[in-house]
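Descriptive structure summary
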Amino acid sequence: MGTMPVGRLLFSMAVPMMVSMLFQALYNVVDSIFVAKLSQDAMNAVSLAFPLQTLCIAFSGGTGVGMNALLSRSLGEKNQAGADRAANVGLFLTLCNFALFALIGWTLAGPFFRFQTDNPQIITYGRDYVTVCIGCSVGLFFQMYNERLLQSTGRTNLSMITQIAGAATNIVLDPILIFGLLGFPRLEVAGAAIATVIGQLVGASIGFYLNLTRNPDVHLRRREIRPHAATIKEIYAVGVPSIIMQSIGSVMVFGMNKILISFTTTATAVFGVYFKLQSFLFMPVNGLNNALIPIVSFNYGARQRSRITGVIHFALVLSAAIMAVGTVVFLAIPGPLLRLFDADAAVLAEGISALRLIALSFVCAGVSVILCAALQALGAANSSLVVSLLRQLVLLFPLALLLGALRPSLVWLAFLLSEGAACLTALLLYRRTARGRLAGMEE
């Protein structure tokens, strides 16, 4: 973390994380593909559950990011006691987060779907899916915790193993439990949820084993898994903005669906397909983001300015390159991409131009994501939050309403305009933060 050339270090940490994040994206997409074979109502139920699943990931991931930053900084400062405390308090917070979402899953699944639809079949399917997926989300929270612990000490190849094992288990079990193959009962949408939970438990179990046996940089002790006010404050100084930033995605999906359906129901279908497609593009960038935070945090603690700026600049180049490739793909073959989800003629007619317009915003989005990670790692989490709010809410919603009112087909231009403005803001905030926080450090 403190001596390897930054390009090689980032690449060695980011590639396993990118693979890991791609497999994370498979959970919801694979569930959607299989349940779509049951009925459109089943597909809609899983899609409507997505915001709650995103909130789970936001709380688990945000807590992990805060723990990650504190732990890496402590290791950079040669503060082993602080690193161990961050890991053990992080485990306590993971237990608390799971308890909160288990309560939500078991008590609010029905009301959550009744608020969104009056279709009784969707409500039934959705309640079955959320009660299991959210109510029994212990595997999700502990898998994320163990991944972040491995990542914070540079063992990203081991964190990748946990994610691949969990996703592979889910992919194998989905058709078996949904359709009742190999002598198992036909559980339909509930089967997809059970397959997801089992996959997450497999990943969590492997993660615990690897941390206990292959991660000597941190020490988990039962008596230390308890609250510690100062550590919790430090974890959530970074974690809360990260939770909010990740939760914004749920609000954005909900809000855009409300806006788009006011223009045309086809636009809502197009947006649903786009959101699943873009997850495969943004997940590698998010993996790069997750690799960047512990590297910058470690070297910020060690006061190594050249390594901090070097790794941030390298990450910006990689992210822009990934998103540029995504732009080319979306511009070149939007039709085949839409047909992966059995798009009908109406969705194809509107979706092809929509995907091409949105694709123009990808490079700006990739730059913003990396700069947000850099701001978090440098202790400027509030600046990072400002950029995320601009990207996904503050600018996007009013622009979508205005452009859609002028001409419905222009609504997709809101993504390009909001991402461009947010990217410029991110560059200005990062420049100001770097000047102030890196002053006086060694080159």
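Residues numbered from 1 in each chain as written. Predicted model: local features only at pLDDT ≥ 70, side-chain atom pairs only at ≥ 80, totals over all residues. Heavy atoms only, no water.

Next up on the list: the pattern of salt bridges. Going through the model one piece at a time under the given rule, you end up with seven salt bridges. The salt bridge involving arginine 186 is made with glutamate 188; its shortest N-O contact spans 3.2 Å. With a relative accessible area of 48%, arginine 186 lands in the partly exposed category. Residue glutamate 419 is joined to arginine 391 by a salt bridge in which the shortest nitrogen-to-oxygen separation is 2.8 Å. In this pair, glutamate 419 sits in helix α18 (residues 413–437) while arginine 391 sits in helix α16 (residues 381–394), placing the two residues 28 residues apart along the sequence. Arginine 391 matches glutamate 419 in its accessibility class, with the two residues each being buried. (Salt bridge = Lys/Arg side-chain N within 4 Å of Asp/Glu carboxyl O. Buried < 20%, exposed > 50% of the residue type's maximum accessible area, 1.4 Å probe, protein only. Helix = DSSP H or I, 4+ residues; strand = E, 2+ residues; numbered from the N terminus.)

Two residues of an α-helix separated by three or four positions point the same way, owing to the 3.6 residues in each turn. End to end, helix α12 (residues 305–332) covers 41 Å across 28 residues, agreeing with the expected 40 Å (1.5 Å per residue, within 8%). Residues of α12 that are buried include every one of Arg307, Ile308, Val311, Ile312, Ala315, Leu316, Ser319, Met323, Gly326, Thr327 and Phe330, and no others. (Expected span 1.5 Å × (residues − 1).)

Quick look at the packing of helix α5 (residues 109–116) against helix α6 (residues 120–133) now. Following both chains from N to C, one finds α5 and α6 inclined at 140°, their axes separated by 8 Å at the closest point. As summarised for this structure, α5 and α6 are arranged oblique, according to the angle between their axes. Crossing handedness for the pair α5 and α6: right-handed. Of α6, the residues touching α5 (which contributes Ala109, Gly110, Phe113 and Arg114) are Ile122, Ile123, Gly126, Arg127, Val130 and Thr131. (Axes fitted to C-alpha atoms, helices over the stretch in contact; angles between N-to-C directions. Parallel < 35°, antiparallel > 145°, perpendicular 65-115°, else oblique. Left-handed = near helix turned anticlockwise from the far one by under 90°. Contact = heavy atoms within 4.5 Å.)

Attention shifts here to unusual backbone geometry. Residues other than glycine seldom take positive phi values, yet lysine 78 does so here, at roughly 65°. On the secondary structure map, lysine 78 appears in the loop between α3 (50–76) and α4 (80–107). For lysine 78, a relative accessible area of 73% puts it in the exposed group. A positive phi angle is found at leucine 182, which is not glycine, with a value near 55°. Within the element layout of this structure, leucine 182 appears in the loop between α8 (156–179) and α9 (188–214).

Scanning all chains against the criterion turns up one cavity of 30 Å³ or more. Elements supplying a minimum of two residues to the lining of the largest cavity: α3, α4 and α7 (138–152). Element by element, the count of residues in the lining of the largest cavity is highest for α3, at four residues. Across the lining of the largest cavity, the residue classes break down as three nonpolar, six polar and no charged. (1 Å grid on protein atoms, 1.4 Å probe; cavity = no way out; pocket = protein on both sides within 12 Å on 5 of 7 lines; lining within 4 Å. Points joined across faces, edges and corners; volume = space filled by probe spheres on them. Nonpolar A, V, L, I, M, F, W, Y, C, P; charged D, E, K, R; others polar.)

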